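Breakdown of the fold
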Amino acid sequence: MPDPFNTPEDLGSGGTGRGPARRSMLIAFLVVLAAMVVMIALRELSRPPAATQGAASSASVAERVDAVLNSALQLRQAGENAKAQAVLEAGVREFPAEQQIHLSFAELLLTQGRTQEAYDHHLTALAIGPRTPEVELTAGTLASMLGKPERAIEHYGAVLAAQPSNARAALLLAQVQIKVGQIDEAKKNLLIAGNLQPDTAIVWGTLADLALRENKTGMAKQHIARARQLEPRVTLWRLIEARALRRENRPEEALHLLIGLDEAEKREPGVLQLMSECYGLLERPGDAADLYVAAAKSDPMRGDWAYEAALWLSRAGRRDEALPFAERASMMGVQGAAALFESLKAPE
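Computed from a prediction, not measured in an experiment: that's the story for all the values here.

**A closer look at the overall build of the protein**
Along the backbone of the protein there are 20 helices and zero strands. Residue burial in the protein is summarised as follows: out of 348 residues, 37% are buried. Intrachain contacts of the protein at a sequence separation of at least 6 include 45% that bridge at least 24 residues.

Written as structure tokens, this is what we have:
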């Protein structure tokens, strides 16, 4: 039988000559080749698969990110805000594409009153993604705080476009739209919020206020009735209803809503002014004067209250009582106070 390692030439020569040598060389070559294959196989087996390497690397990054966040949190809880800030600053440099580190840093900056920087980190977090409603809403609130209503509208609008049933986004969007004079758009979004969450008093209170601005007292009273039903003790809702009654020339009913408030509530914005107007309509300037006298005595730094006290005391014929309040308001630079003081000093 022919030897498979012999070439035809070898066989032709009777299997003598170079055949055995060539066969030995071929066997040696095959042995070396087999050894190389084994070595390569062992090397590949000792190396983790590419997917496993990537997973291990990702796990390592996630662990380091968690370490940064946990360390910063523990430092903040211990009152070590400066150290927490240093940890987060280093974390942002090392992991610039990690959203949670930017958000954690923004939260810390906000506690320090660094609103612009906090907003910048929220913008970065949104760019990294995901653009969650919570991050977008907070960004909108920060933009509003910074006096950037157009940007706030963009953020809130993005949430509402993605989640039409987000009542909070609709309400916040409406509030900013009111600031920039987009009243019709604001009313639409308030109604969306009201339909989604009808037990939100601020929706109906705001709609009532807008109706009053348009002199639609009937509609204002309907809306404010819902707000007061939901939050009967909120002074602002009482004030809006009283304003509607005052607009309908019903000052006594308006006063009835406000007269039972405690002294602190009466000094909330707009309440004293409306009550004094109602007393004026009822030809009771002395009662209006007493209101402002009590307020001015409670806070001597309120020059405007001192001026109103002097004005109403003068109208009530109580010139001697009015004089010191007029003088105080004049010294504090309240407009019209100096002229009132001089007129009160002049002999009758």
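The rest of the description comes next.
**Let's talk about a nonpolar patch on the surface**
A contiguous nonpolar surface patch, about 380 Å² in accessible area, is contributed by Met301, Met331 and Met332. The topology assignment puts Met331 in helix 19 (residues 319-331). We classify Met331 as exposed; its relative accessible area is 69%.

**Observations regarding the confidence of the model for the protein**
Residues with a pLDDT of 70 or more make up 83% of the protein, whose mean pLDDT is 87. Here residues 50-56 scores under 50 on pLDDT; set against residues more than four positions off or in separate chains, the count is one contact.

**Some details on the packing of aromatic side chains**
Overall, the coordinates contain zero aromatic pairs when judged by the stated rule. The positively charged end of Arg315 is found above the aromatic ring belonging to Trp312, 4.5 Å away from the centroid.

**Quick look at the pattern of salt bridges**
Evaluation of the coordinates by the stated rule reveals 23 salt bridges. The salt bridge involving Glu277 is made with Arg246; its shortest N-O contact spans 3.7 Å. Highlighted residues: Glu277 in helix 16 (residues 271-281) and Arg246 in helix 13 (residues 235-247), separated in sequence by 31 residues. We classify Arg246 as partly exposed; its relative accessible area is 27%. Taking the shortest distance from any N to any O, the salt bridge between Asp287 and Arg284 comes out at 2.7 Å.

**A look at the nonpolar core**
Core analysis: the biggest nonpolar cluster contains 54 residues, and Leu88, Ile101, Tyr156, Leu190 and Val203 have the highest contact counts within it. Judged by nonpolar contacts, the second largest core, of 37 residues, contains Ala288, Ala306, Ala310 and Leu344.

**Digging into the environment of Ile240**
Mapping Ile240 onto the fold places it in helix 13. With a relative accessible area of 3%, Ile240 lands in the buried category. Sequence spacing of Ile240 and Asp209 is 31 residues, and the spatial spacing of their C-alpha atoms is 6.6 Å. Once residues within four sequence positions are removed from consideration, Ile240 is found in contact with Gly205, Ala208, Asp209, Leu212 and Ile224.

**Re unusual backbone geometry**
Cis geometry is adopted by the peptide bond preceding Pro130, which originates at Gly129 and carries an omega value of 0°. Note that Pro130 resides in the loop between helix 6 (115-128) and helix 7 (133-145). The backbone of Asn215 sits at a positive phi, close to 60°, despite the residue not being glycine. Its place among the elements puts Asn215 in the loop between helix 11 (201-213) and helix 12 (217-230). Unusually for a residue other than glycine, Glu283 sits at a positive phi of about 60°.

**A word on the side chain of Thr235**
One can find Thr235 in helix 13. Here Thr235 falls in the buried class, since its relative accessible area comes to 5%. Ignoring sequence-local partners within four residues, the contact set of Thr235 consists of Leu261, Glu265, Glu268 and Val271.

**Some details on helix 7**
Along an α-helix, residues three or four apart share an orientation, since each turn contains 3.6 residues. The terminal C-alpha atoms of helix 7 lie 18 Å apart, and with 13 residues this matches the ideal 18 Å at 1.5 Å per residue to within 8%. At its buried positions, helix 7 is contacted by helix 5 (99-111), helix 6, helix 8 (149-162) and helix 9 (167-179).

**Side note on the packing of helix 13 against helix 14 (residues 251-258)**
Put simply, helix 13 and helix 14 touch, their axes get as near as 8 Å, and they point 170° apart. The pairing of helix 13 with helix 14 is recorded here as roughly antiparallel in orientation. Contacts between helix 13 and helix 14 involve Arg238, Leu239, Glu241, Ala242, Leu245 and Arg246 from the former and Glu253, Ala254, Leu257 and Leu258 from the latter. Within the contact of helix 13 with helix 14, the residues separate by chemical class into six nonpolar, no polar and four charged.

**Brief notes about helix 13**
Along its 13 residues, helix 13 runs 18 Å from first to last C-alpha, staying within 8% of the 18 Å computed at 1.5 Å per residue. Thr235, Trp237, Arg238, Leu239, Ile240, Ala242, Ala244 and Leu245 are the residues of helix 13 that are buried. On its buried face, helix 13 is in contact with helix 11, helix 12, helix 14, helix 15 (263-266) and helix 16.

**Quick word on the environment of Asp262**
Tracing the sequence through the fold places Asp262 in the loop between helix 14 and helix 15. In terms of polar contacts, Asp262 uses its side chain to reach the backbone amide nitrogen of Ala264, at 3.2 Å.

Reading guide: rules and limits
Residues numbered from 1 in each chain as written. Predicted model: local features only at pLDDT ≥ 70, side-chain atom pairs only at ≥ 80, totals over all residues. Heavy atoms only, no water. Helix = DSSP H or I, 4+ residues; strand = E, 2+ residues; numbered from the N terminus. Buried < 20%, exposed > 50% of the residue type's maximum accessible area, 1.4 Å probe, protein only. Contact = heavy atoms within 4.5 Å. Patch = residues over 30% accessible without salt bridge, like charges linked within 9 Å, V, L, I, M, F, W, Y side chains within 5 Å. Areas by Shrake-Rupley, 256 points an atom, 1.4 Å probe, with all protein chains shown as cover. Salt bridge = Lys/Arg side-chain N within 4 Å of Asp/Glu carboxyl O. pLDDT = per-residue confidence, 0-100. Phe/Tyr/Trp six-rings, centres within 6.5 Å; stacked < 30°, edge-to-face > 60°. Lys NZ or Arg CZ within 6 Å of the ring centre and 35° of its normal. Core = buried A, V, L, I, M, F, W, Y, C linked by side-chain atoms within 4.5 Å. Expected span 1.5 Å × (residues − 1). Axes fitted to C-alpha atoms, helices over the stretch in contact; angles between N-to-C directions. Parallel < 35°, antiparallel > 145°, perpendicular 65-115°, else oblique. Nonpolar A, V, L, I, M, F, W, Y, C, P; charged D, E, K, R; others polar. Polar contact = N/O pair within 3.5 Å; in protein donor to acceptor, adjacent residues only side chain to side chain.

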